[in-house]
Amino acid sequence: MLRQQDVGHRIVVRRIVGIREGRPLFSDALGELVELSETHLTLATAQGPLRVPVAQVHRAKRVPPTRRPTAAAVVALERAADEAWPAPTRGRLGDWLLRSAEGWTGRANSALPIGDPDRPLAAAVDAVERWYAERGQPALINTPLPLAAPVGAELDARGWGTRPPTLVQTAPLPLPASTPASGQADGWGGAVVELATAPSDEWLGIAAGRKGGLPDAARHVLTAVDQVRFAHVYADGALVAVGRGTVTGQGRWLGLSLIEVLPAARRQGLARRVIHELTSWGVSGGATHAFLQVEQRNTAAVALYQRLGLVTHHTYLTRVAPN
């Protein structure tokens with residue numbers, strides 16, 4: 001059977017899907033294991049996320065990867081993502097990054113363990129715990145998989161918890177599928193998309209509602225990027241959708257974040273419209289690829305991004321130190 005060391009790897013699962021004439025019926029699923037608990041396992045498959053109760057698993061095993069990105073590619077993308085979401089307080093352990101932003105979002109308040117920490121692994125984790133304790137924050141470590149699997153094994157041994165897995169998804173630019181379908185070009189209620197170099201107060205209000213407040217550090221995270229644009233979508237004078245785009249990684253990567261449509265305006269193509277405008281801006285600035293980070297359990301967003309041509313490059317787990 002599978003173990004925590006298999007998280008982040010490609011697996012095949014044979015599961016029981018029914019009974020016919022007293023004999024079990026089986027179905028096979030192939031994908032990346034992104035979560036493993038005592039009761040369920042979750043795969044990122046070509047058709048989307050698949051959650052399988054352990055009681056239905058007949059057999060499961062790791063299989064060789066296909067077109068897996070190199071370690072260097074994962075490191076480069078993680079560095080570009082860090083540039084796109086810059087924590088105001090930072091430290092280093094060799095190549096590892098330590099980040100703090102008044103607790104606003106896990107990405108900006110976690111260690112990123114890529115590269116050499118310039119000390120034994122156990123000592124590096126000890127140093128991470130001390131760094132966050134000095135700031136009165138819980139220690140978090142983001143572990144890109146399978147690159148940081150050794151770090152994950154050390155954290156398992158220490159009893160660290162795990163937040164839901166996050167998919168890091170990518171696609172080459174432009175994204176032709178981001179263009180709204182016929183009849184949706186003007187969006188909802190005559191919506192107009194505006195790109196600005198700074199977010200409006202209304203934009204920040206929507207971000208605060210989604211992320212649970214907006215401390216001063218959050219403004220730094222959102223705006224302290226050389227190339228950044230904030231999408232505002234207005235309909236009948238009201239802000240109904242927002243989004244944020246950045247260009248980092250030596251100009252290669254367009255980062256998409258905080259794509260949000262207010263409930264009354266959903267299912268009208270506005271998210272596609274926001275993404276289309278931001279990707280057009282990114283292409284005009286020389287970006288060749290897009291990336292975004294989305295929780296695997298956010299199935300509606302994962303399905304949208306899949307339709308736009310984004311695929312999972314790798315996953316990461318946010319690990320939480322025990323109290």
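Looking up the protein in an unreviewed UniProt entry gives the name N-acetyltransferase domain-containing protein, with the organism given as Micromonospora noduli.

Right, let's talk about the overall build of the protein for a bit. When helices and strands are counted, the protein shows seven helices and 16 strands. Here the C-alpha radius of gyration of the protein, 21 Å, is about what a compact globule of 323 residues would show, namely 20 Å. Projected onto the principal axes, the alpha-carbon positions of the protein cover approximately 60 × 60 × 35 Å. Going through the 323 residues of the protein one by one, you find that 48% of them count as buried. In the protein, once contacts between residues fewer than 6 apart in sequence are set aside, the share between residues at least 24 apart is 67%. Put simply, the protein shows about 15,200 Å² of open surface, and 49% of that area lies on carbon and sulfur atoms. Charge centroids of the protein, computed over 35 positive and 28 negative side chains, lie 8 Å from each other.

Here the focus is the side chain of Thr-45. The residue Thr-45 is located in strand β3 (residues 40-45) in this model. The class for Thr-45 is buried, based on a relative accessible area of 16%. Once you skip the residues sitting within four places of it in the chain, Thr-45 turns out to touch Leu-30, Gly-31 and Leu-50.

What follows is about the packing of helix α2 (residues 121-134) against helix α3 (residues 149-158). A packed helix pair is summarised by two numbers, namely the angle formed by the two axes and the spacing between the axes. Interhelical geometry of α2 versus α3 gives an angle of 70 degrees and a closest axis separation of 11 Å. Here α3 runs roughly perpendicular to α2, going by the angle between their axes. Both α2 and α3 take part in a crossing whose hand is right-handed. Of the residues in α3, those touching α2 at Leu-121, Ala-122, Val-125, Asp-126 and Glu-129 are Pro-150, Val-151, Glu-154, Leu-155 and Arg-158. Here the residues of the contact of α2 with α3 are counted per class, giving six nonpolar, no polar and four charged.

The next point concerns the packing of aromatic side chains. Ring pairs (aromatic) are described by centroid distance and by the angle formed between their planes. Inspection of the entire model under this criterion finds four aromatic pairs. Ring plane angle 80 degrees and centroid distance 6.1 Å describe the contact between Trp-253 and Phe-291, whose orientation is recorded as edge-to-face. Within this pair, whereas Trp-253 is found in strand β14 (residues 253-261), its partner Phe-291 is found in strand β15 (residues 289-295), the two being separated by 38 residues in sequence. Since its relative accessible area comes to 6%, Trp-253 is described here as buried. Arg-14 extends its terminal NZ or CZ atom over the ring of Phe-26, reaching a point 5.9 Å from the ring centre. For the cation-ring pair, Arg-107 lies above Trp-85, with the distance from its terminal atom to the ring centre recorded as 4.2 Å.

For α2, with 14 residues, the first-to-last C-alpha span of 20 Å sits near the 20 Å given by 1.5 Å per residue. Those residues of α2 that fall on the buried side of the exposure criterion are Ala-124, Val-125, Ala-127, Val-128, Trp-131 and Tyr-132. Buried positions in α2, seen along its axis, are confined to an arc of 155 degrees and lie on one side of it. Within α2, the exposed residues directed more than 90 degrees away from the buried face are Ala-133 and Glu-134. After α2 finishes, the residue Gly-136 shows a positive phi value of roughly 65 degrees.

Counting buried residues in strand β12 (residues 228-235) gives six out of eight residues, a clear majority hidden from the surface. With five bridges connecting them, strand β11 (residues 192-196) and β12 associate as antiparallel partners. Opposite Glu-194, over in β12, you have His-232 as the bridge partner. Bridge analysis of β12 against strand β13 (residues 238-248) gives eight bridges, and the strand direction is antiparallel. Bridging across to β13, Val-233 finds its partner in Ala-241. Where β12 hands over to β13, the hairpin turn is made up of two residues, of which Asp-236 adopts a positive phi near 55 degrees.

Cut-offs used in this document
- Residues numbered from 1 in each chain as written.
- Predicted model: local features only at pLDDT ≥ 70, side-chain atom pairs only at ≥ 80, totals over all residues.
- Heavy atoms only, no water.
- Helix = DSSP H or I, 4+ residues; strand = E, 2+ residues; numbered from the N terminus.
- Rg over C-alpha atoms; globule rule 2.2 N^0.38 Å.
- Buried < 20%, exposed > 50% of the residue type's maximum accessible area, 1.4 Å probe, protein only.
- Contact = heavy atoms within 4.5 Å.
- Areas by Shrake-Rupley, 256 points an atom, 1.4 Å probe, with all protein chains shown as cover.
- Lys, Arg positive; Asp, Glu negative; His and termini not counted.
- Charge placed at Lys NZ, Arg CZ, Asp CG, Glu CD.
- Axes fitted to C-alpha atoms, helices over the stretch in contact; angles between N-to-C directions.
- Parallel < 35°, antiparallel > 145°, perpendicular 65-115°, else oblique.
- Left-handed = near helix turned anticlockwise from the far one by under 90°.
- Nonpolar A, V, L, I, M, F, W, Y, C, P; charged D, E, K, R; others polar.
- Phe/Tyr/Trp six-rings, centres within 6.5 Å; stacked < 30°, edge-to-face > 60°.
- Lys NZ or Arg CZ within 6 Å of the ring centre and 35° of its normal.
- Expected span 1.5 Å × (residues − 1).
- Arc of directions from axis to C-beta.
- Pairing = 2+ DSSP bridges.

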